[in-house]
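Here is what each chain is made of, one letter per residue.
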Amino acid sequence: QRTMIKTAVMGYGTIGSGVVEILEQNKDVIAKRAGQEVELKYVLDLREFPDSPVADKIIHDFKTIETDEEVKIVVEAMGGLNPAYPFVKACLLGGKHVVTSNKALVAAYGTELLEIAREKKVNFFFEASVGGGIPIIRPLYRCLMGERIEEISGILNGTTNYILTKMDKEGESFENALKEAQNLGYAERNPEADVEGHDTCRKIAILTAMATGKEVNYEDIYTEGITKITDIDFKYAEKMGASVKLLGTSRMKDGRVNAYVAPVMLDKTNPLYAVNDVFNGIMVKGNMLGTSMFYGSGAGKLPTASAVVADIIEAAQNLEDHVEIGWTEEKQAIEPMDQASFRYFVRIAGSYRNKEQDVKSLFGKVEVYELYGMDEFAILTQEMKEGEFKAAAIAFDTKEQAQSDFGIKQMIRAML
Ligand code: HSE
């Protein structure tokens, strides 16, 4: 007799509907790999979808899923924390496996949810929460098990990478590019989470926790978004053979961790320079491995849903077992941003000729760039500690103000 495993999908938005589509389209391969057919029993959503293929499966009350013994695997694709967190917790406590694409949930409550999954001998999987369709969570945990991870650095947000690429390559405005990303289903419901760097912050927090095996509080990670990046910055970048990318980076050494999210100028030789549009790229450096790069579709319906479906299959293969993945309750401290080192790209009002002395005395040896017809110039410093740079920048601005001039207009960290 053929057995069948029943699942429920919570949230019929971009990802939830993608999961439903893949469960149907790839039914045969999924059944083969899961060892039994995976049948969708419910789709939980506040809305009705009368013309959709799941019209007769739509339910509005979470209790229906929670109390149905037949449902063994629950997909959480609602996003946000409420009600995703209480629903997921209730499922795990009730002995159901949970698969989620929700990085906000994993970053905020992962430690507790992983603990419950261990206790209840079920699985809590979240491959889709970082890098969309790119395999990164499981490779980091499993394939690189023999490594000490020293660095993870990546473009982890499809929406902002799409925006920056359009601004760079097509001279598009920030607002237009954001609208396009929203239309393509890449952006978060509240796009502030993308453009202010919060989404990248949660993702690098999750990856850091995977690498250290300890809990990382995402609020400890310095986070800066891309809203202050302008077309003028890209003009300088072009001159310098560089581009601006939003990076999430974490460096780990002797138990100490440096982590940040910020737009960074990268030059053409950096592999992340070539990661464009909605694609994500993640570089992982291990002490034996050297550097490996993971590249692929970082957001969007089917790529992200594909990672969710893989997790469903792994859960189906391990219905009676807890498969260890993730981190424990032990806390990982994050070093203050002042300790990090970069080169700094700085745009300054006025002419270099008038400010050369102050620039040199405060920032030391710098490279100078000028754009034709603009009453400003830019410098690129040598590598400095962030704390030292900040002190120099404050001193510079103070001097400039005394001369009733306007000083620093822009600062972008650089790896050139
Ligand atoms: N808004 C996210 C992004 C979705 O643009 O990358 C994928 O996590």
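Novice: Before we move on, could you go through the side chain of Ser-101 and cite the residues and values that matter?
Specialist: Mapped onto the secondary structure, Ser-101 falls in the loop between β5 (97-100) and α5 (103-120). Excluding anything up to four places from it in sequence, Ser-101 contacts Ile-15, Glu-76, Ala-77, Ala-128, Ser-129, Thr-304 and Val-308.

Novice: If you had to explain the side chain of Asp-68 to someone new, which residues and values would you point to?
Specialist: Along the chain, Asp-68 falls in the loop between α3 (62-66) and β4 (71-76). Beyond its immediate sequence surroundings of up to four residues, Asp-68 is in contact with Lys-41, Tyr-42 and Lys-96.

Novice: So what about the site of the ligand? Which residues, and what values?
Specialist: In the vicinity of the ligand, the residues found are Lys-103, Asn-157, Gly-158, Thr-159, Tyr-186, Ala-187, Glu-188, Asp-194, Asp-199, Lys-203, Gly-298 and Ala-299. Thr-159 places a polar side-chain atom, nitrogen or oxygen, 2.6 Å from an oxygen atom of the ligand. Interatomic distance of 2.8 Å between a backbone N/O atom of Tyr-186 and a nitrogen atom of the ligand. Protein contact buries 93% of the 260 Å² of open area that the ligand shows by itself. Listing elements by their share of the shell around the ligand, those giving two or more residues are α7 (158-170) and α10 (198-212). Class assignment of the residues belonging to the shell around the ligand gives a composition of three nonpolar, four polar and five charged.

Novice: Explain the packing of aromatic side chains residue by residue, including any values.
Specialist: How two aromatic rings sit relative to each other is set out by the distance from centre to centre and by the angle between their planes. Going through the model one piece at a time under the given rule, you end up with 14 aromatic pairs. Ring geometry for Tyr-344 against Phe-389: centres 4.0 Å apart, planes inclined by 10 degrees, an arrangement best described as stacked. Separated by 45 residues along the polypeptide, Tyr-344 in strand β13 (residues 341-349) and Phe-389 in helix α14 (residues 386-402) bring together distant segments of the chain. Note on Phe-389: relative accessible area 3%, which makes it buried. Residues Phe-363 and Phe-389 carry aromatic rings whose centres are separated by 5.8 Å and whose planes lie at 35 degrees to one another, so their mutual orientation is tilted. Of this pair, Phe-363 sits in helix α13 (residues 352-363) while Phe-389 sits in helix α14, and the two are 26 residues apart along the sequence. Three or more aromatic residues link up through ring pairs in this structure, and these residues are Tyr-260, Phe-342, Tyr-344, Phe-363, Phe-389 and Phe-396. If you follow Arg-413 out to its NZ or CZ, it ends over the ring of Phe-342, 5.7 Å from the centre.

Novice: Describe the packing of helix α4 (residues 84-93) against α5, naming the residues involved and giving the relevant values.
Specialist: Look at α4 against α5: their axes get within 9 Å of each other, and the N-to-C directions meet at 10 degrees. Judged on the interaxial angle alone, α5 and α4 are roughly parallel. Taken together, the residues of α5 that come into contact with α4 (itself represented by Ala-84, Tyr-85, Val-88, Lys-89, Leu-92 and Leu-93) are Leu-105, Tyr-109, Glu-112, Leu-113, Ile-116, Ala-117 and Lys-120. Of the residues contributing to the contact of α4 with α5, the split by class is ten nonpolar, no polar and three charged.

Novice: Before we move on, could you go through the pattern of salt bridges and cite the residues and values that matter?
Specialist: Taken as a whole and judged by the stated rule, the model has 33 salt bridges. One salt bridge in this structure joins Lys-331 and Glu-215, with 3.0 Å as the shortest N-O distance. Pair noted here: Lys-331 is in the loop between α12 (301-317) and β13 and Glu-215 is in the loop between α10 and β8 (222-223), with a separation of 116 residues, a long-range link. Arg-347 is the partner of Glu-376 in a salt bridge, and the nearest nitrogen-oxygen pair spans 2.8 Å. Taken together, the residues Glu-376 in strand β15 (residues 376-381) and Arg-347 in strand β13 connect sequence positions 29 residues apart. One exposure class covers both Glu-376 and Arg-347, and it is buried. Bridged by salt links that share partners, the residues Lys-6, Glu-39, Lys-41, Asp-68 and Glu-70 form one connected network.

Rules behind the numbers
- Residues numbered from 1 in each chain as written.
- Predicted model: local features only at pLDDT ≥ 70, side-chain atom pairs only at ≥ 80, totals over all residues.
- Heavy atoms only, no water.
- Helix = DSSP H or I, 4+ residues; strand = E, 2+ residues; numbered from the N terminus.
- Contact = heavy atoms within 4.5 Å.
- Near = heavy atom within 4 Å.
- Polar contact = N/O pair within 3.5 Å; in protein donor to acceptor, adjacent residues only side chain to side chain.
- Areas by Shrake-Rupley, 256 points an atom, 1.4 Å probe, with all protein chains shown as cover.
- Nonpolar A, V, L, I, M, F, W, Y, C, P; charged D, E, K, R; others polar.
- Phe/Tyr/Trp six-rings, centres within 6.5 Å; stacked < 30°, edge-to-face > 60°.
- Buried < 20%, exposed > 50% of the residue type's maximum accessible area, 1.4 Å probe, protein only.
- Lys NZ or Arg CZ within 6 Å of the ring centre and 35° of its normal.
- Axes fitted to C-alpha atoms, helices over the stretch in contact; angles between N-to-C directions.
- Parallel < 35°, antiparallel > 145°, perpendicular 65-115°, else oblique.
- Salt bridge = Lys/Arg side-chain N within 4 Å of Asp/Glu carboxyl O.

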